[in-house]
Amino acid sequence: MPSVPPSMPSQRPHTARELGIMQGFPPRPEKRPTASNWDLPPFNRWSFQNVRALLPTVDVDRGTGPVRDLPSAHQDVSGVKFNALDGTTKTIKQMLTETYTDGFLVMHRGQIITEQYFNDMHPRSLHLAQSVSKSLVGTLAGVLHGEGKLDMDAPLADRIPELAYCGYGDATLGQVLDMQTGVRFVEDYGLPNSDMTRIDIASGWRPPHPGEPVPAIRDVILTLQKERPHGERFEYRSIETDMLAWILERETGTSLAKLMSDRIWSKIGADRDGYFTVDHAGTALADGGFNATLRDFTRFGLMMLQGGRVGDHQVVPKVWVESCRMGEAAKFNDPYRATSPNGAYRRQWWVHDVDRGDYMARGVFGQLIYIDPEADFLAVKLSTWPDYLIHSFGLDSLNAVIAIRDGLTAT
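Just so you know, these numbers come straight off a predicted model, no measurement behind them. (Residues numbered from 1 in each chain as written. Predicted model: local features only at pLDDT ≥ 70, side-chain atom pairs only at ≥ 80, totals over all residues. Heavy atoms only, no water.)

A. Inspection of the pattern of salt bridges at higher detail. For the structure shown, the criterion picks out 33 salt bridges. The partner of Arg 295 in a salt bridge is Glu 115, with the nearest N and O atoms 2.8 Å apart. Pair noted here: Arg 295 is in helix H10 (residues 294–305) and Glu 115 is in strand S5 (residues 111–117), with a separation of 180 residues, a long-range link. Each of the salt bridges in this network shares a partner with another, and the network as a whole consists of Arg 356, Asp 358, Asp 372, Glu 374, Arg 405 and Asp 406. (Salt bridge = Lys/Arg side-chain N within 4 Å of Asp/Glu carboxyl O. Helix = DSSP H or I, 4+ residues; strand = E, 2+ residues; numbered from the N terminus.)

Right under this line is the structure:
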């Protein structure tokens, strides 16, 4: 996962509007995102809030129920300090500026402590989640497992026979959920011939190579082969979530978008419909294509923080929610320990510390949902970093959130 961290901005990063991206009628050609650069800087400053203008999508209906209220007890956290990766002491205000934040919300003991928007984002803006999407899909699997619809231990080819000829045939659903299969998939972002770029092309996130046919997402899955025994170790691979979604759809005979709506999105009191991007076969990009508002991501996180419940309704089985806080630290190695030295990966969630049980949904370009049941604390951050992976930005964001948590719990 190569990434060269850019230098810290010397001033507030420019908004999409200030950069002139998609401004004017029509916008200047050089200020319009293209199929090749829409998710890259500087165009992501605009496109992450306007994905539907660029790609085909499918709604995740919020249903007809009431919007869940989010009570507020606002505090000024801008001056809270934390130790940054570069050895300096920084404030929350500095972190939010330097890490290209679009939206930031913190809840403690069921109340919003701070809610801030940048880069022309506002409470009704829908923002691309990137790999935070994985945690929603993993949570959906927990609901279906609680309904008795999923076998965690059967070979996947028993349910999807065409998998028998690829590396996933003898893997189990449990191994896919924890990203512990032995299937080879190179998670290199932006490299011309990497497996990740193949998925980008298949999902419509990148243009195809001239003269070559465009596969669908599941066509790519069928080409992937096994390189080691399943279950040996955790290795982060986005394709595992797309494999998971295929199982969920095949077992239920229902699309991912409708499953997500029926089992989760219509149950959490969401304010707006969410949506997934889809490939040319209508398959939702489960590994990174979900979009929603900052507050609706918060409502999802709050449901998880409260043991899978919303009011009197158990949306996700409590035992599944608790399992997302656990994991096998012995199978969690470098480079993942650079962020979470005592971490693990479980059920499509990142466990930050297996002893404390705080856990996260994370996505490239700076997307984060952080949940700490011990402190009754939740933080959501949506961003448009100038690179896929910037270790200093990620660690500083996490350390800043934890500093807010510790300050609140100490009072």
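B. Examining unusual backbone geometry more closely. Each neighbour pair has its own omega, and for Phe 25 with Pro 26 the value is 5°, a cis peptide bond. The topology assignment puts Pro 26 in the loop between helix H1 (16–19) and helix H2 (44–47). Along the chain, Pro 41 connects to Pro 42 via a cis peptide bond; the corresponding omega equals -5°. Mapped onto the fold, Pro 42 is located in the loop between H1 and H2. The phi dihedral of Arg 109 is positive, around 55°, even though this residue is not glycine. Mapped onto the elements of the fold, Arg 109 is located in the loop between strand S4 (101–108) and S5.

C. Quick look at the sheet that holds strand S12 (residues 349–353). Reading across the sheet, the seven strands line up as S5-S4-S15-S14-S13-S12-S11 and stay open at both edges, with antiparallel pairing between neighbours. Every other strand in the sheet has two partners, leaving S5 and strand S11 (344–346) as the edge strands with one partner each. Across this sheet, the average inter-strand angle for adjacent strands is 15°, counted without regard to direction. Pairing between S11 and S12: three bridges, direction antiparallel. From the neighbouring strand, Ala 344 faces S12, where its bridge partner is Val 351. The strands touched by helix H4 (residues 132–146) within the sheet are S11, S12, strand S13 (358–363) and strand S14 (367–372), with S13 carrying the most contacts at an inclination of about 125°. Along the sheet face, H10 touches S4, S5, S12, S13, S14 and strand S15 (377–383) and points at about 150° away from the line of S15. (Pairing = 2+ DSSP bridges. Axes fitted to C-alpha atoms, helices over the stretch in contact; angles between N-to-C directions. Contact = heavy atoms within 4.5 Å.)

D. Structural context of empty space enclosed by the protein. According to the stated counting rule, one finds two cavities of 30 Å³ or more in the structure shown. In this model, the largest cavity occupies a volume close to 160 Å³. Along its surface, the largest cavity is lined by 16 residues, and Gln 130, Tyr 189, Met 196, Trp 205 and Val 364 are the ones closest to its centre. For the lining of the largest cavity, the element with the most residues is helix H6 (residues 195–203), which contributes three residues. Each pocket or cavity is described by its volume, and for the second largest cavity that value is around 50 Å³. Lining of the second largest cavity is provided by Leu 150, Asp 151, Ala 154, Pro 155, Leu 156, Arg 159, Leu 173, Ile 247 and Glu 251. (1 Å grid on protein atoms, 1.4 Å probe; cavity = no way out; pocket = protein on both sides within 12 Å on 5 of 7 lines; lining within 4 Å. Points joined across faces, edges and corners; volume = space filled by probe spheres on them.)

In short, the description is geometric, and any link to function would need to be established separately.
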